[in-house]
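Listed below are the residues making up each chain.
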Amino acid sequence: MKTLEFRSDTFTLPTPAMRKAMADAEVGDDQYGEDPTVNRLEERAAEIVGKEAGVYVGSGMLGNLCGVLSQAGRGDEVILGDLAHIYQNEMGAFTVLGGLHGRTIPNRDGMPSLEDIESAIRPSVGAFPRSALLCLENSHNNCGGSVITGAQTRAAAHLAHERGLKVHLDGARIFNAAAALGVDVKELTGPVDTVQFCFSKGLSAPVGSILCGPRDTVARARKVRKLLGGAMRQAGVIAAAALVGLETMRDRLVDDHVNARALADGLAAIRGIKIDAANVVTNIVSFEVERSAMDAGEFQKACAERGLRISRYLGNSPRLRMVTHANVGRADVDAALSIMSGILSAKPEPVTAR
Ligand SMILES: *Cc1c(COP(=O)(O)O)cnc(C)c1O
């Protein structure tokens, strides 16, 4: 039985070109700033997102943590959407390790409203914590891969900057957002101070993320990375694969979006599945199984028994998630749809009074 892996784009495998680049990578001690491959990756990534500098890190979570902790100090307040990955899926690290206070505002469809951002910013007088940082997320994982536009990003960043806050963008899948909007990624990263993005998702590299921003902020972030035990040595071996991902895997993300759309349209046609197919704009497909049809956990298990792996939002929510990526093609989408419709049509209709 072939495994159909739709749980996440983190399941992408390194390409043959990546394996080759890893084997051939020129390396040095990165903690001394002497790994030429890591240096090249940091310069190239910063250039692509339009920032002065970058620091390569082992995970997206570490990139976010470095971005947040280098721009806010103990007791400061961080404003973020209530469904933000940083708030929901990163073990509360900015509070645990940074002594920061999280202030959540309604996330809506991935972009909190300007009104909510404005009213969350504290006045400088009184016994309030200091509002230090606004975090945005693009594309938005827990909001079904929705995107925020350059104009929305500019407006929020302008407001935050006017009130003395910095802005960090969790851009784990920023290239998916840029591809979906058909814009240069700088349109989305230009307005913010720092941006984190992942090499290990749609770009298919085995390890790593990067935090990009102004030179002085990235220098502080480098210290935070060290403080958290995240500094590396001959990391050029993995950075080489990240470079290949950055240079060769961005243009193909639109294929993942086309497949996600086909998946969403197919799901919409299956009785017992609830989905807002029009909201699927990137590589994430979020849907529910109607409670009267089947329990979400039971459905997920039935899929797994047939070789189809899907994930469940926030561990226990009724919402399920499927993610398209370089290692699942259109034929896999069709196979997944037939498995899911098979499961739901095999289930006897509940007996109702006529
Ligand atoms: C995956 C993800 C991260 C974290 O990346 P890891 O490498 O898994 O730590 C951060 N933010 C968002 C929105 C993500 O989807």
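In what follows, the structure referred to is the one given above.
Here's a quick rundown of the structure. Bear in mind that the values here come from a model prediction, so they are computed numbers and not experimental data.

### Some thoughts on the sheet that holds strand β7 (residues 194-198)
Reading across the sheet, the 7 strands line up as β2-β8-β7-β6-β5-β3-β4 and stay open at both edges, with mixed pairing between neighbours. The open sheet has two free edges, formed respectively by β2 (53-57) and β4 (101-105), since each of these has just one partner strand. Within this sheet the neighbouring strands show an average axis-to-axis angle of 20°, counted without direction. As paired strands, β2 and strand β8 (residues 209-213) are joined by 5 bridges and run antiparallel to one another. Along β8, the bridge assignment pairs A53 with G213.

### Some remarks on the site of the ligand
Taken together, the neighbourhood of the ligand is formed by 13 residues, with G60, M61, D170, R173 and K201 sitting nearest. The separation between an oxygen atom of the ligand and a polar main-chain atom of M61 is 2.8 Å. Separating a nitrogen atom of the ligand from a side-chain N or O atom of H85 is a distance of 3.4 Å. In isolation the ligand offers 380 Å² of accessible surface; the protein chains occlude 84% of this area. Along the lines of polarity and charge, the residues of the shell around the ligand split into 3 nonpolar, 5 polar and 5 charged.

### Things to note about the sheet that holds strand β12 (residues 311-312)
Spatially, 4 strands are ordered β9-β10-β13-β12 in an open sheet, and the strand pairing comes out antiparallel. Either end of the sheet is taken by a strand with one partner, and the two such strands are β9 (273-274) and β12. Inspection of the sheet shows β12 paired to strand β13 (residues 319-323) by 2 bridges, in the antiparallel sense. Across the sheet, S311 pairs through a bridge with R321, a residue of β13. Packing against the sheet, helix α12 (residues 253-268) makes contact with β9, β10 (284-289) and β13, and its axis sits at approximately 15° to β10.

Conventions used here
Residues numbered from 1 in each chain as written. Predicted model: local features only at pLDDT ≥ 70, side-chain atom pairs only at ≥ 80, totals over all residues. Heavy atoms only, no water. Pairing = 2+ DSSP bridges. Helix = DSSP H or I, 4+ residues; strand = E, 2+ residues; numbered from the N terminus. Axes fitted to C-alpha atoms, helices over the stretch in contact; angles between N-to-C directions. Near = heavy atom within 4 Å. Polar contact = N/O pair within 3.5 Å; in protein donor to acceptor, adjacent residues only side chain to side chain. Areas by Shrake-Rupley, 256 points an atom, 1.4 Å probe, with all protein chains shown as cover. Nonpolar A, V, L, I, M, F, W, Y, C, P; charged D, E, K, R; others polar. Contact = heavy atoms within 4.5 Å.

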